[in-house]
Amino acid sequence: MAAYLCPPAVIHGKHAVRTSQIVDEVRGRHPNSAWAPRIDGIAASTGIETRGWMLPLEAAVAHGSGSGLPAAGIGPAREALAGDGFTEQDVDRVITALEAIPAPQTVQERTAPAWSAVQSYGERAARGALQIAGLDAANVDCLITSHSTTPALPGLDVSLANRLPLRSDVLLLPATQWACIAGTRSLALAADLVAADPDRVVLVVIAEALSTTYQPADDTLESLIVRLLFADTAVAALVTGRPRPESVLRLDAAWHHTLPGTQDLHRLETREDGTHFVMDRRGPRAVQETVTAMWEWLRLRYQDDPGSWHPDVLLAHPGGTRVLEYMEETMPDGWPSGLLRHSRDSYTSGNRGGAAVFDIMRRAYDAGQKAGSRAVLYAAAPGLTATALEGEWL
């Protein structure tokens, strides 16, 4: 399977949003919610003080351009009120009051600015990855993209094909719904593509504006957690079938796993006011099942050398710190501590979704990961599905 990965380019959201800002905004909007007395403790438990967004917090909480009037407009509203026995004076007062009520943003108002930012950030990441790899757009034979929270058709693949620009014969593979496994699964696909043609050059670009799921009107505990967790990031990297001077990681094997009957545990719902991320409290336990299955895959892969083999670095995006703790608790006996240090470091500035594994990989690279280190990459996503890769640092 050998595929060679150059260091990724990582572009963080330029707007620093502090946890204290989110807490103040949510507390002011939902002072009587059941979890309001615990909000400070809930926020502190995330371990996140600041996260980067592509757009400022003010953009997420702004009112829409409409008003509280029905979508039908003033005329039909007047007729309905008059027909219900309101006097003309009362009708005027009601209409004036309704016009003064600010409406929430529409799905278009929420998504359009984020989609514009995703394209811009994706282009910056792609250009950065090409520069790091010592290549240019003309060298790219295939482009794999993902952007789950900003649905668009055409998508990021076509946008980048025009922006970079790429050759007209480049194979475009958009994978919008991969979400949190975009990092690992795109690399697994890229490895298959270069295995079929070792001279092929694959560019992977993932740009996620997860802040579009910040929905001010939602008052559930789960929506509070979503507000606190997510960060915006664009990442990109080049995968080749032959080693290059810039290559830092060789990918040797991939593993995929999907749990039946778990498709409702985490999901995106598009409503009239935008995209909502909905999660079930049973989610972390389901993710833990995929972790156990991954340990078994690695055990079988190295069953002839069970006493000495272990990864030297584990680049994992399981969705949250609870599952990171579970991974540490269930690692095979004898594995060294600290395998998840770069994963934990990444989480201190937010959950980056599909971009997370590339961000974690970049942190390991910047920290000077030693050549010869064995690496395992893992991520789980709504579905519930997981992908892992195993390889060696170069």
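Quantities reported herein were computed from a predicted structural model and do not represent experimental measurements.

Draft legend 1. Examining the packing of helix α6 (residues 107-133) against helix α7 (residues 156-163) more closely. It is at 10 Å that the axes of α6 and α7 come closest, and there the two elements cross at 55 degrees. Considering their axes alone, α6 and α7 lie oblique with respect to each other. α6 and α7 meet at a crossing whose hand is right-handed. Residues W115, V118, Q119, S120, G122, E123 and R127 of α6 touch α7, and the partners they reach there are L156, S159, L160 and R163. Class assignment for the residues of the contact of α6 with α7 results in four nonpolar, four polar and three charged.

Draft legend 2. Looking closely at unusual backbone geometry. Here the bond from L153 into P154 is cis, since omega is 0 degrees, no more than 30 degrees from zero. Among the secondary structure elements, P154 is positioned in the loop between β5 (142-146) and α7. Each neighbour pair has its own omega, and for L164 with P165 the value is -20 degrees, a cis peptide bond. Note on placement: P165 falls in the loop between α7 and β6 (171-174). The backbone of A179 sits at a positive phi, close to 55 degrees, despite the residue not being glycine. Secondary-structure assignment places A179 in the loop between β6 and α8 (182-196). Accessibility expressed as a relative area gives 16% for A179, which makes it buried.

Draft legend 3. The arrangement of the nonpolar core in detail. Ranked by internal contacts, the top residues of the largest apolar core, which has 37 residues, are L187, V202, L249, L315, M361 and L377. A per-element tally of this core places α8 first, with seven residues. Setting aside residues up to four positions removed in sequence, L315 forms contacts with S343, V357, I360, M361, A364, V376, L377, Y378 and W393.

Draft legend 4. Structural view of the packing of aromatic side chains. Following the criterion strictly, the structure yields six aromatic pairs and no others. Between the aromatic rings of W295 and W335, the centroid separation amounts to 5.4 Å while the plane-to-plane angle is 85 degrees, which identifies the pairing as edge-to-face. Here W295, found in helix α10 (residues 283-301), pairs with W335, found in the loop between α11 (321-330) and α12 (341-347); they are 40 residues apart in sequence, far enough to count as distant. The class of W295 is buried, set by a relative accessible area of 9%. Members of the aromatic cluster, each reached through a chain of ring pairs, are W295, Y302, W309 and W335.

Draft legend 5. Fine view of helix α9 (residues 221-229). The buried count for α9 comes to eight of nine residues, which makes it a mostly enclosed element. Among all positions of α9, only L221, E222, S223, L224, V226, R227, L228 and L229 are buried. Contact partners of the buried residues in α9: α1 (19-29), α2 (39-45), β4 (50-53) and β11 (274-279).

Rules behind the numbers
- Residues numbered from 1 in each chain as written.
- Predicted model: local features only at pLDDT ≥ 70, side-chain atom pairs only at ≥ 80, totals over all residues.
- Heavy atoms only, no water.
- Axes fitted to C-alpha atoms, helices over the stretch in contact; angles between N-to-C directions.
- Helix = DSSP H or I, 4+ residues; strand = E, 2+ residues; numbered from the N terminus.
- Parallel < 35°, antiparallel > 145°, perpendicular 65-115°, else oblique.
- Left-handed = near helix turned anticlockwise from the far one by under 90°.
- Contact = heavy atoms within 4.5 Å.
- Nonpolar A, V, L, I, M, F, W, Y, C, P; charged D, E, K, R; others polar.
- Buried < 20%, exposed > 50% of the residue type's maximum accessible area, 1.4 Å probe, protein only.
- Core = buried A, V, L, I, M, F, W, Y, C linked by side-chain atoms within 4.5 Å.
- Phe/Tyr/Trp six-rings, centres within 6.5 Å; stacked < 30°, edge-to-face > 60°.

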